[in-house]
Amino acid sequence: MKREFLFNIFLLVFINLLVKPFFIFGIDLKVQNSVPEGDYGLYFTLFNFTYLFQIFNDFGIQNFNNRNISRHPQLLPKLFPNLLWLKGFLGVFYFIITAFFAWAVAGYDGRAMNLLFILLLNQIITQFIFFFRSNISGLGFYRTDSLVSSLDKFLMLFTCGFVLWFRPKNWAFSIELFAWAQTFALAATAVISFFLIKKYRTDFSIWPSWKWKRGKFPPQLIVLLKKSFPFALVILLMTAYTRLDAVLLERLLPDGKLHADVYAGAYRLLDAVNMLGYLFATLLLPMFAKLLGKPEKNDLRELVSLSFKMIWAGSITLAAAVFFARQDLVELMMPDRASVYRSDTLGVLIWVFVPVATTYIFSTLLTANENLMAMNRFFVLGLVLDVVLNLIFIPRFQAVGSAAATLGTQIFIAVAMVFLCIRQFKFRPSQKALFQTIGFAVFLLAADFFIFEKLKIGWPLKFSLALAAGMFGVFLFRILNPFTFASQKWKFGK
């Protein structure tokens, strides 16, 4: 299982590094620099607002389905049509409830509501893609899922690139046009994902097995909702404390859109590196679920240890390199809007990647084991902590304060997830593991300080040396053995 994990995580990272950075820095950044200042801040705020009611859009179906199909693939013909239609009903309800709160409570109207409608449609399509992918990876086709994971961004390179550079002369570019270009790419990805499932499993229908009776919900629907609800609560709480910051920043300050624009610029890099943590989680969930079904748990412990040490090394390496190069990166990405305020926000926010990456590993293990209520207690505390810290820091420090609030909250959540795993699985880190994790962090920070503060060379070369130092540290502290997956054979799909 370790060799399978290593092979597929390298494939996942390779594919996504080929595609997603081009979208984030070639398309998304170009859009922010092309639209009037504040427009992208509004887009970013509304995009985060769509996540606040994500519980109704997903309701935990993705994780519930992935876990069950991983353990019992023969259930796909029974679960798929019922969950497909359930997601459709939930998507409509999600659209209505989010739009209502945006208009009646948050006070959005006019152009903001029009943009919100497009983003809500995009979120619904995205959740269908996640659902289809949960079936693909649940069936064990990890490499196919790896390809699909970046397909939407690959197609957006064409749709969004078209509206940026090749649109007809009578089409004025706007943030709304950018959102519609994403819609077409997402819809195409959803269709392709569905037909991939049909390719691997032809023994299912798209029509649900339940029957409606006047005045009564179908019992199958109620059962599915009950089973997926704990997973839904996890999604709700995690989404709330990770996406609330931008909304509070925009709402609490008189010129909130401008500060949200600054936060969005820094968040772009955090979002880019967070991609790695999310890839780990999507690959690990079905693997953890399979290993938890076996009486022998040594393989599970080894996989948890390996995945954590890898994500720890990767997150420290990337966060430190971005932190030391923050001013140069801001000037490179936004030459006309660069400022100390933007670079300070990035310098604080990028460290969020380290606790978030840790949380991805341990929360995925707890999800696979269905320790959902234990997680939710800490997520509630994290939500309260995030709101309190934002209310304290935003009025005084604006976007930097919101970044600091996010960092404090994510550290608390990461420590809580590690604590729960130690208590649930009786994990005890060895002295060797502690030396590897702490030693790597100390070595990497010392190396980066020397590279950026002492060497008289250009910052791109410094940044490259910082990444090379991280790679050297991985082998120096034996976090990764290059011979671990040397015997892995290539079999496309599995």
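Since we're looking at a predicted model, the values are computed, not measured.

> Which parts of the structure should I look at to understand the overall build of the protein chain?
Regarding its fold elements, the protein chain presents 18 helices and 0 strands. Computed over C-alpha atoms, the radius of gyration of the protein chain comes to 22 Å, within 12% of the 23 Å expected from 2.2 N^0.38 for 494 residues, which places it in the range of a compact globule. Considering only C-alpha atoms, the protein chain reaches an extent of 70 × 60 × 45 Å along its principal axes. Going through the 494 residues of the protein chain one by one, you find that 57% of them count as buried. Considering only contacts within the protein chain whose residues lie at least 6 apart along the sequence, 84% involve residues at least 24 apart. Of the accessible surface of the protein chain, which amounts to about 21,600 Å², a share of 69% is contributed by carbon and sulfur atoms. Mean positive and mean negative side-chain charge positions of the protein chain (48 and 26 charges, respectively) differ by 12 Å.

> Honestly, empty space enclosed by the protein in this entry has me stumped. Any pointers?
One water molecule sets the probe size; rolling that probe over the atoms shows where empty space is left. What the rule picks out here adds up to 2 cavities of 30 Å³ or more. Approximately 40 Å³ is the volume attributed to the second largest cavity. Taken together, Val262, Gly265, Ala266, Val330, Met333, Met334, Arg342 and Leu346 make up the full set of residues lining the second largest cavity.

> Is there a simple way to explain the pattern of salt bridges in this structure?
It is possible for side chains of opposite charge to pair when their charged atoms get near one another. A full pass over the atoms with the stated rule returns 7 salt bridges. Here glutamate 176 makes a salt bridge to arginine 111, at a shortest N to O gap of 2.6 Å. Taken together, the residues glutamate 176 in helix H9 (residues 175-200) and arginine 111 in helix H6 (residues 111-138) connect sequence positions 65 residues apart. Relative accessible area serves as the criterion here: at 37%, arginine 111 is assigned to the partly exposed category. Between lysine 153 and aspartate 152 there is a salt bridge whose closest N-O contact spans 3.6 Å. Among the charged side chains, a network of salt bridges with common partners joins Asp39, Arg111 and Glu176.

> I would appreciate a short explanation of the nonpolar core in the present structure.
Generally speaking, nonpolar side chains in soluble globular proteins are found buried as a group. In this structure, Phe5 and Met417 are the most contacted members of the largest nonpolar core, which totals 167 residues. At 20 residues, helix H11 (residues 256-292) tops the list of elements feeding residues into this core. Excluding its chain neighbours within four sequence positions, the residues that come into contact with phenylalanine 5 are Phe280, Leu283, Leu284, Met287, Leu303, Leu306, Ser307 and Met310.

> I would appreciate a short explanation of the environment of lysine 78 in the present structure.
Topologically, lysine 78 is positioned in helix H5 (residues 76-104). On the basis of relative accessible area, lysine 78 is assigned to the exposed category, the value being 60%. Put simply, lysine 78 and asparagine 68 are 10 residues apart on the chain and 12 Å apart in space, counted from C-alpha to C-alpha.

> I keep staring at the packing of aromatic side chains and nothing clicks. Help me out?
Two descriptors summarise a pair of aromatic rings, namely the distance from one centre to the other and the angle between the planes of the rings. What the rule picks out here adds up to 37 aromatic pairs. The ring of tyrosine 108 has arginine 251 lying over it, and the distance from NZ or CZ to the ring centre is 4.6 Å.

> For this particular structure, what's the right way to read a positive patch on the surface?
Among the surface-exposed residues, Arg377, Arg423, Lys426 and Arg428 lie close enough to one another that they form a single positively charged patch. Relative to the helices and strands, arginine 423 resides in helix H16 (residues 372-425).

> Got a minute to help me understand H6 in this structure?
Along an α-helix, residues three or four positions apart point the same way, because every turn accommodates 3.6 residues. Here H6 is 28 residues long and its end C-alpha atoms lie 41 Å apart, about the 40 Å a rise of 1.5 Å per residue gives. The element H6 is largely enclosed, with a buried count of 23 among its 28 residues. Phi turns positive, to about 95°, at glycine 140, one or two residues after H6.

> Help me out: how do you make sense of the environment of tryptophan 312 in this one?
Locating tryptophan 312 in the fold gives a position in helix H12 (residues 298-324). Among the residues examined, tryptophan 312 registers a relative accessible area of 19% and is labelled buried. For the pair tryptophan 312 and alanine 468, spaced 156 residues apart in sequence, the C-alpha to C-alpha distance is 16 Å. Other than its neighbours up to four places away in sequence, tryptophan 312 contacts Val354, Thr358, Thr437 and Ala441.

> Could you clarify how one ought to interpret the packing of helix H17 (residues 431-454) against helix H18 (residues 459-476) in this entry?
For any two helices packed against each other, one specifies the crossing angle of their axes together with the interaxial distance. Packing of H17 against H18 brings their axes to within 10 Å, and their N-to-C directions diverge by 155°. Relative to H18, the element H17 is oriented roughly antiparallel. As H17 packs across H18, the resulting crossing turns out to be right-handed. Contact residues: Phe440, Phe443, Leu444, Ala447, Asp448, Ile451 and Phe452 in H17; Lys462, Phe463, Leu465, Ala466, Ala469, Gly470, Phe472, Gly473, Val474 and Leu476 in H18. A class-by-class count of the residues in the contact of H17 with H18 yields 13 nonpolar, 2 polar and 2 charged.

> Just checking my understanding: could you explain unusual backbone geometry for this structure?
Only a minority of non-glycine residues have a phi that is not negative, and only a minority of peptide bonds are not trans. Not every positive phi belongs to a glycine, and glutamate 370 is a case in point at roughly 60°. By secondary structure assignment, the location of glutamate 370 is in the loop between helix H15 (353-368) and H16. In this structure glutamate 370 comes out as partly exposed when scored by relative accessible area, which is 42%. Even without being a glycine, arginine 478 presents a positive backbone phi close to 55°. The topology assignment puts arginine 478 in the segment after H18. Overall, arginine 478 belongs to the exposed group, its relative accessible area being 58%.

Conventions and cut-offs
- Residues numbered from 1 in each chain as written.
- Predicted model: local features only at pLDDT ≥ 70, side-chain atom pairs only at ≥ 80, totals over all residues.
- Heavy atoms only, no water.
- Helix = DSSP H or I, 4+ residues; strand = E, 2+ residues; numbered from the N terminus.
- Rg over C-alpha atoms; globule rule 2.2 N^0.38 Å.
- Buried < 20%, exposed > 50% of the residue type's maximum accessible area, 1.4 Å probe, protein only.
- Contact = heavy atoms within 4.5 Å.
- Areas by Shrake-Rupley, 256 points an atom, 1.4 Å probe, with all protein chains shown as cover.
- Lys, Arg positive; Asp, Glu negative; His and termini not counted.
- Charge placed at Lys NZ, Arg CZ, Asp CG, Glu CD.
- 1 Å grid on protein atoms, 1.4 Å probe; cavity = no way out; pocket = protein on both sides within 12 Å on 5 of 7 lines; lining within 4 Å.
- Points joined across faces, edges and corners; volume = space filled by probe spheres on them.
- Salt bridge = Lys/Arg side-chain N within 4 Å of Asp/Glu carboxyl O.
- Core = buried A, V, L, I, M, F, W, Y, C linked by side-chain atoms within 4.5 Å.
- Phe/Tyr/Trp six-rings, centres within 6.5 Å; stacked < 30°, edge-to-face > 60°.
- Lys NZ or Arg CZ within 6 Å of the ring centre and 35° of its normal.
- Patch = residues over 30% accessible without salt bridge, like charges linked within 9 Å, V, L, I, M, F, W, Y side chains within 5 Å.
- Expected span 1.5 Å × (residues − 1).
- Axes fitted to C-alpha atoms, helices over the stretch in contact; angles between N-to-C directions.
- Parallel < 35°, antiparallel > 145°, perpendicular 65-115°, else oblique.
- Left-handed = near helix turned anticlockwise from the far one by under 90°.
- Nonpolar A, V, L, I, M, F, W, Y, C, P; charged D, E, K, R; others polar.

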